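Observations on the model geometry
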Amino acid sequence: MTHIDYIFLVGDFLVAIGLVVGFKWAISQGRISHYYYKLFWIGTLIGATWEFAFLFLGPDFLHSVKEWPYGLGGWPRKISHSIWDGGIFMVGIWMCKKYSKGIHFIRFSWAELSIMLSWGIFQELLVEYLFNGRVWVYESLPWNPVIIPPIPGSSTTVGYTLIPQAVWVMAPIVFYYFCIKLKEE
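Criteria and thresholds
As a convention, each chain's residues are numbered from 1 in the sequence order in which they are written. Given that the model is predicted, a residue must reach a pLDDT of at least 70 before its local features are reported, and side-chain atom pairs must reach 80 or more before they are shown or counted; all residues, however, enter totals for whole chains, interfaces and linings. Calculation of side-chain values draws on the structure's entire complement of heavy atoms; hydrogens and water are dropped beforehand. Here a cavity denotes grid points, spaced 1 Å and computed from the protein atoms alone, that fit a 1.4 Å probe unable to get out, and a pocket denotes an open set having protein on both sides within 12 Å along at least 5 of 7 lines; residues with an atom within 4 Å of a point are the lining. Grid points are joined across faces, edges and corners, and a volume is the space filled by probe spheres set on the points. Strands here are runs of E lasting at least two residues and helices are runs of H or I lasting at least four, both read from the DSSP assignment and numbered beginning at the N terminus. In this classification, Asp, Glu, Lys and Arg are treated as charged, Ala, Val, Leu, Ile, Met, Phe, Trp, Tyr, Cys and Pro as nonpolar, and every other residue, Gly included, as polar. The nonpolar core is taken to be a set of buried Ala, Val, Leu, Ile, Met, Phe, Trp, Tyr and Cys residues, with the residues joined through side-chain atoms within 4.5 Å. Here's how the labels work: a residue is buried when its accessible area is under 20% of the maximum for its type, exposed when over 50%, partly exposed in between, all with a 1.4 Å probe on protein chains only. Any pair of residues with heavy atoms lying within 4.5 Å of one another is described as a contacting pair. When the centres of two rings from Phe, Tyr and Trp lie within 6.5 Å, Trp using its six-membered ring, the rings pair. Their planes under 30 degrees apart give stacked, over 60 give edge-to-face, and anything left gives tilted. Only lysine NZ and arginine CZ atoms are considered, and such an atom sits over a ring when it is within 6 Å of the ring centre and within 35 degrees of the ring normal. The axes are straight lines fitted to the C-alpha atoms, using for helices just the contacting stretch, and the angles between their N-to-C directions are given from 0 to 180°. Geometric relationships in this document are graded by angle, where less than 35 degrees denotes roughly parallel, more than 145 denotes roughly antiparallel, 65 to 115 denotes roughly perpendicular, and other angles denote oblique. Handedness of a helix crossing follows the sense of rotation of the near helix relative to the far helix, less than a right angle counterclockwise being left-handed and clockwise being right-handed.

A few words on the layout of surface pockets. In this structure, the largest pocket spans a volume of roughly 800 Å³. Along the walls of the largest pocket sit 37 residues, with Asp12, Glu51, Arg77, His81 and Trp136 positioned nearest its centre. Mapped onto the lining of the largest pocket, the elements with two or more residues apiece are α1 (3-28), α2 (34-57), β1 (62-64), α3 (75-99), α4 (110-131), β2 (136-138) and α5 (162-184). It is α4 that contributes the most residues to the lining of the largest pocket, 8 residues altogether. In terms of residue class, the lining of the largest pocket is built from 21 nonpolar, 8 polar and 8 charged. Considering only enclosed or pocket space, the second largest pocket measures out at about 150 Å³ in volume. As for the second largest pocket, its lining consists of Gly22, Phe23, Ala26, Ile32, Tyr36, Met90, Ile93, Trp94 and Lys97.

If you want it as structure tokens, here you go:
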């Protein structure tokens, strides 16, 4: 592995650790409510559904460009990425609070859902642009076809496949459901 590969490896886990420590600190200091703390973990669990599904589908579906040492490339990496997903969902909540009016998540709102969906799709395209082909590769398969050809400046020669994009169309809807459902309790 090169120097930049180790930076990606260390950075991957540092961000995940930072998210867990940050949310734990925020709840213990009264900076966030239990509602938002629970949503972070729900977002993490939602992310784990596809992160681990992709792991179980194996390298014919998704594989690393370079294998991570010390056993960090399998389950540990997927746990880290699940935590990242929880953080990504929480950015969607922050954006809803910043860019939509009223009391949030008490009932369905097209504005809130649109923000969550737009953020989910945007960040997925950005993540794929930055890391697909550099850190991982999704294989083009009959059930995971390329839907966006390689974009100039990205490092993938495969392009962007259906399943990762579809995940970030569906996942914000599921997460938004929990935002409203938990608020009702």
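Now that the structure has been shown, the text picks up again.
So, on to the nonpolar core. Counting residues in each nonpolar core, the largest one holds 40 residues, and the members touching the most others are Leu39, Ile93, Phe175 and Cys179. No other element matches α2, which puts 9 residues into this core. Those residues in contact with Phe175 that sit more than four places away from it in its chain are Leu39, Ile42, Gly43, Ile46, Phe89, Met90, Ile93 and Met116.

Our next topic: the packing of aromatic side chains. According to the stated counting rule, one finds 22 aromatic pairs in the structure shown. When the centroid spacing of 5.6 Å and the interplanar angle of 75° are considered together, the rings of Phe61 and Tyr138 count as edge-to-face. On the criterion of sequence distance, the pair formed by Phe61 in the loop between α2 and β1 and Tyr138 in strand β2 is long-range, its members being 77 residues apart. Comparing Phe61 with Tyr138 shows no difference in burial state: the two are buried. Look at Phe108 and Trp110: their rings are 4.9 Å apart centre to centre, the planes differ by 85°, and that puts the pair in the edge-to-face class. Grouping aromatic residues by their ring pairs yields a cluster made of Phe23, Tyr37, Phe40 and Trp41. Taking NZ or CZ as reference, Lys183 lies 4.6 Å from the ring centre of Tyr35, over its face.

Bringing the packing of α1 against α2 into the picture now. Between α1 and α2, whose axes approach to 10 Å, the crossing angle comes to 160°. When the interaxial angle is binned, α1 and α2 end up roughly antiparallel. Our pair here, α1 against α2, has a crossing hand that is left-handed. Residue-level contacts link Leu19, Val20, Phe23, Lys24 and Ile27 of α1 to His34, Tyr37, Phe40 and Trp41 of α2. A breakdown of the residues in the contact of α1 with α2 according to their chemical character gives 7 nonpolar, 1 polar and 1 charged.

Okay, empty space enclosed by the protein next. The full count for this structure, using the stated rule, is 2 cavities of 30 Å³ or more. Taken as a whole, the largest cavity spans an internal volume of roughly 60 Å³. Considering the residues around the largest cavity, the lining is formed by Asp5, Phe8, Val65, Lys66, Trp68, Arg134 and Val135. Of the residues contributing to the lining of the largest cavity, the split by class is 4 nonpolar, no polar and 3 charged.

The quantities given are spatial measurements derived from coordinates; they are silent on function.
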